[in-house]
Amino acid sequence: MVKEKIVLAADHAGFELKEKLKKVLEQNEIAFEDLSPKFVDGDDYPDIAFIAAQRVARSKLMGVFICGTGYGMCTAANKVKGIRATPVYDEKMARISRQDNDANVLCLGARLTDEKTAVVILKTWLNTRFLEGRHARRVDKIKRFEGGLPI
Ligand code: RB5
């Protein structure tokens with residue numbers, strides 16, 4: 001498992017699942033900071049995603065963001081420089097998004113993914129390392145593009 005602190009964030013739709021995953025992190029002695037500790041009915045996922053994504057980008061920590069589908073948080077988070085957020089719905093994608101893409105934000109959809117599956121995804125994602133090599137060359141091209149450099 002990762003040793004670094006995890007940045008957690010959720011909108012109203014993801015709040016309950018986030019609370020459950022916090023217990024899993026605690027059981028596995030993984031530190032976290034929760035950027036949305038209070039339930040706010042009707043809050044807007046971009047507001048939360050931008051703050052949390054900036055925190056991840058500046059700190060170089062990893063993030064776990066949760067909304068109804070995972071897609072909204074993911075789309076907004078990926079607007080922030082340095083973020084490679086991925087929506088994940090199964091164990092295989094959890095593994096590949098780390099191994100190949102060095103994803104630094106996991107996005108879960110609480111309305112689409114049950115708790116048991118979310119726990120498997122979370123553990124797999126946190127336990128899987130980036131494979132470097134040819135994958136680093138590809139991710140570097142994204143970083144260069146993002147930085148306005150020729151790829
Ligand atoms: C909120 O109702 C919902 O739209 C949001 O959590 C998310 O699913 C968007 O992608």
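Read on for an overview of the structure.

The rules behind each value
Residues numbered from 1 in each chain as written. Predicted model: local features only at pLDDT ≥ 70, side-chain atom pairs only at ≥ 80, totals over all residues. Heavy atoms only, no water. Pairing = 2+ DSSP bridges. Helix = DSSP H or I, 4+ residues; strand = E, 2+ residues; numbered from the N terminus. Axes fitted to C-alpha atoms, helices over the stretch in contact; angles between N-to-C directions. Contact = heavy atoms within 4.5 Å. Patch = residues over 30% accessible without salt bridge, like charges linked within 9 Å, V, L, I, M, F, W, Y side chains within 5 Å. Areas by Shrake-Rupley, 256 points an atom, 1.4 Å probe, with all protein chains shown as cover. Salt bridge = Lys/Arg side-chain N within 4 Å of Asp/Glu carboxyl O. Lys, Arg positive; Asp, Glu negative; His and termini not counted. Charge placed at Lys NZ, Arg CZ, Asp CG, Glu CD. Buried < 20%, exposed > 50% of the residue type's maximum accessible area, 1.4 Å probe, protein only. Near = heavy atom within 4 Å. Polar contact = N/O pair within 3.5 Å; in protein donor to acceptor, adjacent residues only side chain to side chain. Nonpolar A, V, L, I, M, F, W, Y, C, P; charged D, E, K, R; others polar. Phe/Tyr/Trp six-rings, centres within 6.5 Å; stacked < 30°, edge-to-face > 60°. Lys NZ or Arg CZ within 6 Å of the ring centre and 35° of its normal. Core = buried A, V, L, I, M, F, W, Y, C linked by side-chain atoms within 4.5 Å.

1. Regarding the sheet that holds strand S2 (residues 32-34)
Ordered by their spatial adjacency, five strands build an open sheet running S2-S1-S3-S5-S4, and the pairing between neighbours is parallel. Strands with a single pairing partner mark the edges of an open sheet, and in this sheet they are S2 and strand S4 (85-87). Adjacent strand axes in the sheet meet at a mean angle of 20 degrees when their direction is disregarded. Contacting strand S1 (6-10), strand S3 (62-67), S4 and strand S5 (105-109), helix H5 (residues 115-127) runs over the sheet at an angle of about 175 degrees to S5.

2. Here we look at a positive patch on the surface
Together, Arg134, Arg137, Arg138 and Lys141 make up a region of like positive charge exposed at the surface. Note that Arg138 resides in helix H6 (residues 134-146). Residue class for Arg138 comes out partly exposed when judged on its relative accessible area of 43%.

3. Section: the site of the ligand
Around the ligand, the surrounding shell consists of Asp11, His12, Ala13, Tyr45, Cys67, Gly68, Thr69, Gly72 and Arg111. Within the backbone of Gly72, an N or O atom sits 3.1 Å from an oxygen atom of the ligand. Residue Arg111 places a side-chain N or O atom 3.1 Å away from an oxygen atom belonging to the ligand. Computed on the free molecule, the ligand has an accessible area of 290 Å², of which 75% lies beneath the protein chains in the complex. The residue inventory of the shell around the ligand, partitioned by class, reads three nonpolar, four polar and two charged.

4. Points about the packing of aromatic side chains
All told, the structure shown has one aromatic pair when counted by the stated rule. With centroids separated by 5.7 Å and ring planes inclined at 80 degrees, the aromatic side chains of Phe15 and Phe39 adopt a geometry described as edge-to-face. Separated by 24 residues along the polypeptide, Phe15 in helix H1 (residues 15-27) and Phe39 in the loop between S2 and helix H2 (45-59) bring together distant segments of the chain. Above the plane of the ring of Trp125 lies Arg98, whose end atom (NZ or CZ) is 5.8 Å from the centre.

5. Thoughts on the nonpolar core
Generally speaking, a soluble globular protein has its nonpolar side chains buried in company with each other. One finds Ile6, Leu21, Val64, Leu106, Leu108, Leu122 and Leu126 to be the most contacted residues of the largest nonpolar core, which totals 23 residues. Contributions of two or more residues to this core are made by S1, H1, S3, S5 and H5. Here this core takes six residues from H5, the largest share from any one element. Counting 19 residues, the second-largest nonpolar core is a separate cluster that includes Ala9, Leu61, Ala77 and Cys107.

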